[in-house]
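Residue-level structural notes
Here is how the chains run, residue by residue.
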Amino acid sequence: MRRRGSDFRRPVRRRFSNVFWLTLCGLLILLLIVLLSRDNHQPVSRSAYTKRSFRHDRTIEGLNVTEEMLSPDSVARQLNDQISLAKAFVVIAKESNNLQFAWELSAQIRNSQILLSNAALRRTPLTTGESETLIHDMALLLYQAQQLHYDSATMIMRLKAKIQGLEEQMNSINEKSSKFGQIAAEEVPKSLYCLGVRLTTEWFKNSNLQKKLNDKRQIAAKLKDNNLYHFCIFSDNVLATSVVVNSTALNSKDPDMVVFHLVTDEVNYAAMKAWFTMNSFRGVTVDVQKFEDFSWLNASYVPVLKQLQDTETQSYYFSGSSDDGRTPIKFRNPKYLSMLNHLRFYIPEVFPALKKVVFLDDDIVVQKDLSRLFSIDLNGNVNGAVETCMETFHRYHKYLNYSHPLIRAHFDPDACGWAFGMNVFDLVEWRKRNVTGIYHYWQEKNVDRTLWKLGTLPPGLLTFYGLTEPLDPSWHVLGLGYTNVDPQLIEKGAVLHYNGNSKPWLKIGIEKYKPLWDKYVDYGHPLLQQCNVH
């Protein structure tokens, strides 16, 4: 019989191969390993879960959150959300002058808060039954608020308008505060006015004072002796000038070498002479003059006096009506046209025999011996001063109008400013370089007030540009009349300057800095007690 071909043969049954059995054994072993692994890791998983749960509980405890508040069906949270929204609507309702609705919202807020408070006291969650009425009533009020257009967009617009209104109100208050502060700083306290009147009366009725002054004529030689330490002050404030002289004398190693040249006006001349004649300052020599006696001080020579005679200038400074009040009051202070304020630019004319002098403002206190100032080498410069460019607003561009071509062409806008108040002046170099002529030039150019507006520092910066030698900052510490000053700077400072409106003899003075000034005032003096100076 013939055999079939290979394609038509019936397949032969064979037993499972060895590969199949090996694969099956491997799967069984792997399954056993997985089961054992799950048993071994179960305790670790529980431990980790316990730790996470503990941390979760601690977090909840730290936030003072209860499980009831975390519940999606929390009644307390719903009430709190309603209260927050209602409080916002109360503000808007009041702003809209809907006081009745604001009252209703406030009453409903109080009821909801009482319910929450009671639930907190009893330490049981609020139920839907006891809060259903409150939630319903509050929801109706909130819906009514939305119908009154107390929606988010309206609230935002009204709040923006309110913020703008408050900003305008704040700007107005700041402007008034600045104005009143300026006025307070300019006014003479009643006690100081009293002191001036009593001193003037004492001078004219007490012949012994005038005789005592005449007995001091032998000091005339000291006033011209360039081997002594010469200081000058231009002031109409008797008490402030007395503090400068007294503090300098008490801190001087050799007060007999100190000479003070005081220049005042005719009104205060008698009071100044009386005070410095009846009081002694450790042997310090004090001479008093009045600027009305200076023959060279006339309108043909001094631009400021010429400006005082100008009708427009007088209107600008004294009436403030030339530009409808657009210029701040501080730029209109008439003291900036006072000759006592501008005499610092005429020191060589005031003291023709002197070669070097230290200029002091009347709002300073001296803490150290100043004799070393007279041996400082100014390196050919005219003015020795402490630079203030480390502060944020004391560069030239902060004082001068750099849109003016004359300023732009001659001065570096980032040049360091410096301070008047304690300055060493080399009068020999001053005369040689005709510094007063430079000052006159810039004053004439600023007749329309387009180069600068405020005070004597801007013309000083122009006049002494390139002629100023920087001194160690510890010689002159500023800011005690308007800001906080580093206590370490105050401790190291030789001269403390109360620049700003808050002078130490005024009620608006900064309280923590007043004791530094007060310790040089003899409040037990009979005249000070009679005038209630304290």
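About the cut-offs
Residues numbered from 1 in each chain as written. Predicted model: local features only at pLDDT ≥ 70, side-chain atom pairs only at ≥ 80, totals over all residues. Heavy atoms only, no water. Core = buried A, V, L, I, M, F, W, Y, C linked by side-chain atoms within 4.5 Å. Buried < 20%, exposed > 50% of the residue type's maximum accessible area, 1.4 Å probe, protein only. Contact = heavy atoms within 4.5 Å. Disulfide = S-S within 2.5 Å. Helix = DSSP H or I, 4+ residues; strand = E, 2+ residues; numbered from the N terminus. pLDDT = per-residue confidence, 0-100. Pairing = 2+ DSSP bridges. Axes fitted to C-alpha atoms, helices over the stretch in contact; angles between N-to-C directions. Parallel < 35°, antiparallel > 145°, perpendicular 65-115°, else oblique. Left-handed = near helix turned anticlockwise from the far one by under 90°. Nonpolar A, V, L, I, M, F, W, Y, C, P; charged D, E, K, R; others polar. Salt bridge = Lys/Arg side-chain N within 4 Å of Asp/Glu carboxyl O. Phe/Tyr/Trp six-rings, centres within 6.5 Å; stacked < 30°, edge-to-face > 60°. Lys NZ or Arg CZ within 6 Å of the ring centre and 35° of its normal. Expected span 1.5 Å × (residues − 1). Polar contact = N/O pair within 3.5 Å; in protein donor to acceptor, adjacent residues only side chain to side chain.

Let us look at the nonpolar core. Judged by nonpolar contacts, the single largest core of 61 residues is most densely connected at Val 245, Phe 260, Leu 360 and Leu 373. Those residues in contact with Val 245 that sit more than four places away from it in its chain are Ile 233, Phe 260, Leu 262, Phe 276, Phe 281, Val 284 and Val 286. Grouped together as the second largest cluster of nonpolar side chains are 44 residues, Met 339, Ile 347, Phe 351 and Phe 420 included.

Another point: the state of the cysteines. If you walk through the whole model with that rule in mind, you get two disulfides. Residue Cys 194 pairs covalently with Cys 531 via a disulfide, S to S 2.1 Å. On the S-S bond that ties Cys 194 to Cys 531, the torsion sits near -70°, and the link is left-handed. Of the two residues, Cys 194 is situated in helix 7 (residues 190-205) and Cys 531 in the segment after helix 21 (526-530); the sequence distance between them amounts to 337 residues. For Cys 531, a relative accessible area of 5% gives the class buried. At a sulfur-sulfur separation of 2.2 Å, the disulfide partner of Cys 389 is Cys 416.

Time to look at the confidence of the model for the protein chain. Reading fine detail from the predicted coordinates is not recommended where pLDDT is low. Confidence along the protein chain averages 82 in pLDDT terms, with 75% of residues attaining 70 or more. Every residue in residues 1-16 scores below 50 in pLDDT, and together they form three contacts with partners more than four places removed in sequence or on other chains. Overall, residues 58-64 carries pLDDT values under 50, and its contacts beyond four positions in sequence, including any with other chains, amount to four contacts.

What follows deals with the sheet that holds strand 3 (residues 285-290). Read across the sheet, seven strands follow the order 3-2-1-4-7-6-8 without closing on themselves; strand pairing throughout is mixed. Two strands lie at the open edges of the sheet, namely strand 3 and strand 8 (468-470), each paired on one side alone. Within the sheet, the average angular offset between the axes of one strand and its neighbour, ignoring direction, is 25°. Relative to the sheet, helix 9 (residues 238-250) contacts strand 1 (229-234), strand 2 (258-264), strand 3 and strand 4 (356-360), its axis offset from that of strand 2 by approximately 175°. Helix 10 (residues 266-278) contacts strand 2 and strand 3 of the sheet and is inclined by roughly 165° relative to strand 3.

What follows covers the packing of helix 3 (residues 75-95) against helix 5 (residues 128-147). Where helix 3 contacts helix 5, the two axes come as close as 10 Å, and the packing angle between them is 25°. The orientation of helix 3 relative to helix 5 falls into the category roughly parallel. The interaxial crossing formed by helix 3 with helix 5 has left-handed handedness. Here Val 75, Gln 78, Leu 79, Gln 82, Leu 85, Ala 86 and Phe 89 of helix 3 come into contact with helix 5, specifically with Thr 128, Ser 131, Leu 134, Ile 135, Met 138, Ala 139, Leu 142 and Ala 145. Taken together, the residues of the contact of helix 3 with helix 5 sort by class into eleven nonpolar, four polar and no charged.

It is worth spelling out the pattern of salt bridges at this point. On inspection of all chains with the given rule, the structure shows seven salt bridges. A salt bridge links Arg 122 to Glu 130; the shortest N-O distance between them is 2.5 Å. With a closest N to O distance of 3.2 Å, Arg 433 and Glu 429 form a salt bridge. Placement of the pair is Arg 433 and Glu 429 together in helix 16 (residues 427-433), with a separation of four residues, close to one helical turn. One continuous salt-bridge network, built from bridges that share partners, spans Glu 429, Lys 432 and Arg 433.

Following the criterion strictly, the structure yields 25 aromatic pairs and no others. A centroid spacing of 6.0 Å and a plane angle of 80° characterise the contact between Trp 418 and Phe 464, whose relative ring orientation is edge-to-face. Of this pair, Trp 418 sits in the loop between helix 15 (405-410) and strand 7 (422-426) while Phe 464 sits in the loop between helix 18 (457-463) and strand 8, and the two are 46 residues apart along the sequence. Here the two residues Trp 418 and Phe 464 agree in accessibility, since each one is buried. Arg 344 extends its terminal NZ or CZ atom over the ring of Phe 420, reaching a point 4.9 Å from the ring centre.

Attention now moves to the sheet that holds strand 5 (residues 364-366). Here we have three strands laid out as an open sheet, ordered 5-10-9, and mixed in their pairing. Taken across any chain shown, the strands that pair with only one partner, and hence form the sheet edges, are strand 5 and strand 9 (476-477). As paired elements, strand 5 and strand 10 (residues 495-497) share three bridges and run antiparallel to each other. Note on strand 10: the bridge partner recorded for Val 366 is Val 495.

So, about the environment of Leu 506. Along the chain, Leu 506 turns up in the loop between strand 10 and helix 20 (514-518). Between the C-alpha atom of Leu 506 and that of Pro 189, which follows or precedes it by 317 residues, the distance is 7.1 Å.

What follows covers helix 3. At 3.6 residues per turn, the α-helix brings residues three or four places apart onto the same side. Between its first and last C-alpha, helix 3 extends 31 Å over 21 residues, near the 30 Å set by a 1.5 Å rise per residue. For helix 3, the N-terminal cap is Ser 74; the gap from its side-chain oxygen to the backbone nitrogen of Ala 76 is 3.5 Å. In the segment just after helix 3, Asn 97 is the residue with positive phi, at about 65°.

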